[in-house]
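For reference, the chains in residue letters:
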Amino acid sequence: MKSFALTFFLATAASAQSIDSMIDRELPSLIETYKTLHTSPELSMQEEKTSATVAARLRQLGYTVADHIGNYEQAGTTCYGIVAVMKNGDGPVVLLRSDMDALPVQEQTGLPYASRVANVMHACGHDVHMATLVGTASLLAQLESRWHGTVMLIGQPAEEVVQGASAMLRDRLYERFPRPNFAIAVHDNSSMPAGQIGYCPGYFMANSDSVNITIRGVGGHGASPQSTKDPIVVASEVVLALQTIVSRENSPLDPAVVTVGSIHGGTKRNIIPDQVNLLLTVRTYKPEVRKRVLASIERVAKGIALAAGIPEDRAPIFEVVRAESTDSTYNDPTLTERLARVLKKEMGAGNVVQIDPLMVSEDFGRFGLERQIPVCMLNVGAVDPAKIASGARLPSLHSSEFAPVPEPTIRGAVKAMTLSVLELLR
Ligand SMILES: [Zn+2]
Ligand SMILES: [Zn+2]
């Protein structure tokens with residue numbers, strides 16, 4: 001018994017070590033790929049060169065790669081989705097996804113490999129994810145003897161505008177390519193030490209709804225309010241009253257956010273305008289909370305307008321912009337715990353930690369077809385641990401100063417993704 005345990009331990013240690021030394025060999029080229037992608041970012045729905053770079057790398061590694069996968073709803077648009085498949089005998093299908101798009105941000109990091117495109121930056125680290133996808137693809141190709149089944153790698157465009165995943169599914173992704181048994185992904189994290197893995201079973205990211213409210217009044221002279229219905233005063237009341245939805249109508253145990261991010265109305269100080277436009281983002285987890293909070297927003301806006309005497313035919317217009325909204329990411333608890341167990345064993349318990357859910361959102365969850373397919377998104381820390389220890393301000397994702405530390409971050413992400421796929425295709 002003792003010798004069996006020892007042999008097992010040695011075999012496990014040896015396999016973990018061999019993955020480390022394989023990553024050592026891959027890292028210089030992965031860092032180069034990362035820096036190439038970082039210097040030449042492309043905005044959502046425009047990832048032409050980025051997707052070509054990723055597709056070429058995956059083809060070199062022996063994957064069967066299809067490109068230009070996906071259909072957007074807007075006419076005249078091209079979708080740059082990539083699907084790379086490697087079938088290795090019978091077994092389950094694992095989908096591994098990286099997003100590819102950058103953000104309209106002017107980079108301020110001062111790095112030698114900073115973006116060379118004005119006002120476009122990989123400020124969310126999707127370049128880290130692409131390098132991780134390529135690195136994991138390479139390791140899995142070399143480790144063929146240790147897994148059975150199908151690996152399906154996805155290069156997804158347009159994550160930041162939450163349209164890429166649905167565009168790829170609309171293009172019959174799961175009919176033209178194998179339907180996965182599991183879908184996994186990793187996103188970098190701007191507050192965790194570089195290379196550390198974070199996991200969160202259950203709700204991980206929020207439903208995000210983009211809501212427009214048009215408050216319509218009756219305009220007129222600023223000196224004669226008695227002959228108008230002032231939409232600026234009504235909009236002001238609406239903005240404040242909306243805050244009571246979370247604080248007074250919602251259970252404190254159900255996270256929710258109602259943010260009015262934009263308010264526009266009027267042209268001149270002595271004119272009462274005809275309308276004011278409010279743009280909101282609304283975040284929730286549970287579907288029933290989502291439905292109730294959205295209904296409350298509409299009720300509050302219409303109720304306040306009514307109380308102000310605005311005629312019913314000029315009641316506020318309430319609109320949820322579906323194309324800019326997305327569902328929560330629910331990490332399948334069984335899958336997430338299974339991966340966390342393996343990663344803790346292979347990477348050390350201190351390098352794999354449970355983290356809190358986030359109120360930001362993602363469209364990765366769509367690959368799970370409303371929980372028909374278990375999904376799990378992990379996080380990988382991207383920050384120099386010394387910087388965290390110093391208590392310095394840490395630039396968040398989407399910040400012009402966000403600068404992941406490439407080496408330990410990509411190393412940790414490649415190791416976690418490789419070990420996850422090996423576990424699921426054992
Ligand atoms: Zn982002
Ligand atoms: Zn992102």
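Refer to the structure above for everything that follows.
The following refers to the structure shown. (Residues numbered from 1 in each chain as written. Chains lettered and ligands numbered in written order. Predicted model: local features only at pLDDT ≥ 70, side-chain atom pairs only at ≥ 80, totals over all residues. Heavy atoms only, no water.)

### A look at the overall build of the protein chain
Inference 1: Secondary structure assignment for the protein chain yields 10 helices and 16 strands.
Inference 2: Computed over its C-alpha atoms, the radius of gyration of the protein chain comes to 24 Å, within 12% of the 22 Å expected for a compact globule of 426 residues.
Inference 3: In terms of overall dimensions, the protein chain has a C-alpha envelope of 90 × 50 × 45 Å along the principal axes.
Inference 4: Out of the 426 residues belonging to the protein chain, those deemed buried represent 53%.
Inference 5: A sequence separation of at least 24 residues applies to 82% of the contacts in the protein chain between residues at least 6 apart. (Helix = DSSP H or I, 4+ residues; strand = E, 2+ residues; numbered from the N terminus. Rg over C-alpha atoms; globule rule 2.2 N^0.38 Å. Buried < 20%, exposed > 50% of the residue type's maximum accessible area, 1.4 Å probe, protein only. Contact = heavy atoms within 4.5 Å.)

### A few points about the environment of Thr329
Inference 1: By secondary structure assignment, the location of Thr329 is in strand β14 (residues 329–331).
Inference 2: Excluding residues that lie within four positions of it along the chain, Thr329 makes contacts with Gly202, Tyr203, Phe204, Met205, Glu362, Phe364 and Gly365.

### A word on the nonpolar core
In globular proteins that are soluble, nonpolar side chains generally tend to be buried together.
Inference 1: Of all hydrophobic cores here, the largest spans 57 residues; its most connected members are Tyr63, Leu153, Ile184 and Ile410.
Inference 2: Once residues lying within four places of it in the same chain are set aside, the contact partners of Ile184 are Val94, Leu95, Leu96, Arg97, Leu335, Leu339, Phe364, Cys376, Met417, Ser420, Val421 and Leu424. (Core = buried A, V, L, I, M, F, W, Y, C linked by side-chain atoms within 4.5 Å.)

### As for helix α3 (residues 126–142)
Inference 1: Here α3 spans 25 Å end to end across 17 residues, near enough to the 24 Å set by a 1.5 Å rise per residue.
Inference 2: α3 sits mainly inside the fold: 16 of its 17 residues count as buried. (Expected span 1.5 Å × (residues − 1).)

### Thoughts on the sheet that holds strand β2 (residues 81–88)
Inference 1: Judged by pairing direction, the sheet is mixed, and its eight strands sit side by side in the order β1-β2-β4-β3-β5-β16-β6-β15 without closing on themselves. Taken across any chain shown, the strands that pair with only one partner, and hence form the sheet edges, are β1 (64–69) and β15 (352–354). Averaged over neighbouring strand pairs, the angle between their axes works out to 25° when direction is ignored.
Inference 2: With four bridges connecting them, β1 and β2 associate as antiparallel partners. Residue pairing for β2: Ala66 is matched across the bridge by Val83.
Inference 3: Sitting on the sheet, helix α8 (residues 333–347) touches β5 (182–193), β6 (197–199), β15 and β16 (375–383), and the angle it makes with β6 is about 155°.
Inference 4: Here helix α10 (residues 406–424) sits on the sheet in contact with β3 (93–99), β4 (149–156), β5, β6 and β16, set at roughly 155° to β5. (Pairing = 2+ DSSP bridges. Axes fitted to C-alpha atoms, helices over the stretch in contact; angles between N-to-C directions.)

### Details of the coordination of the zinc ion (ligand 1)
Inference 1: The protein atoms that coordinate the zinc ion (ligand 1) are Cys124 (SG), Glu160 (OE), Glu160 (OE) and His398 (NE2), at distances of 2.1 to 2.7 Å.
Inference 2: What the four donor atoms of the zinc ion (ligand 1) show is an angle range of 53 to 150° at the metal, which sorts the shape as irregular. (Donors = N, O, S within 2.8 Å, 3.2 Å for Na, K, Ca; no water. Tetrahedral: all angles 85-135°; square planar, octahedral: opposite > 155°, others 65-115°.)

### Observations concerning the packing of helix α6 (residues 231–249) against helix α7 (residues 287–307)
Inference 1: Two elements in contact, α6 and α7, have axes separated by 9 Å at closest approach and are oriented at 145°. In this structure, α6 meets α7 at a crossing whose hand is right-handed. Contacts between α6 and α7 pair Val234, Glu237, Val238, Ala241, Leu242, Ile245 and Glu249 from the former with Arg292, Val293, Ser296, Ile297, Arg299, Val300, Ala301, Ile304 and Ala305 from the latter.
Inference 2: Counted by class, the contact of α6 with α7 contains 11 nonpolar, one polar and four charged residues. (Left-handed = near helix turned anticlockwise from the far one by under 90°. Nonpolar A, V, L, I, M, F, W, Y, C, P; charged D, E, K, R; others polar.)

### A short note on the coordination of the zinc ion (ligand 2)
Inference 1: Protein-derived coordination of the zinc ion (ligand 2) comes from Cys124 (SG), His126 (NE2) and His187 (NE2), at a distance range of 2.1 to 2.4 Å.
Inference 2: In the primary sequence, the donor residues of the zinc ion (ligand 2) line up as C-x1-H-x60-H.
Inference 3: Here the zinc ion (ligand 2) and the zinc ion (ligand 1) are spaced 3.1 Å apart, linked through Cys124, which binds each one.
Inference 4: His126 gets classed as buried once you look at its relative accessible area, which sits at 0%.

### As for the sheet that holds strand β10 (residues 256–265)
Inference 1: Taken together, the four strands give an open sheet; going across it, the order is β10-β12-β8-β13, and neighbouring strands pair in antiparallel fashion. Strand pairing shows two members of the sheet lacking a second neighbour, β10 and β13 (317–320), which therefore form its edges. Neighbouring strand axes in the sheet, compared pairwise and without regard to direction, differ in orientation by 20° on average.
Inference 2: Pairing between β10 and strand β12 (residues 275–284): nine bridges, direction antiparallel. Each bridged residue has a counterpart across the sheet, and for His264 the counterpart in β12 is Asn277.
Inference 3: In the packing of α6 onto the sheet, the strands contacted are β8 (207–216), β10 and β12, and the crossing angle to β10 comes to about 170°.

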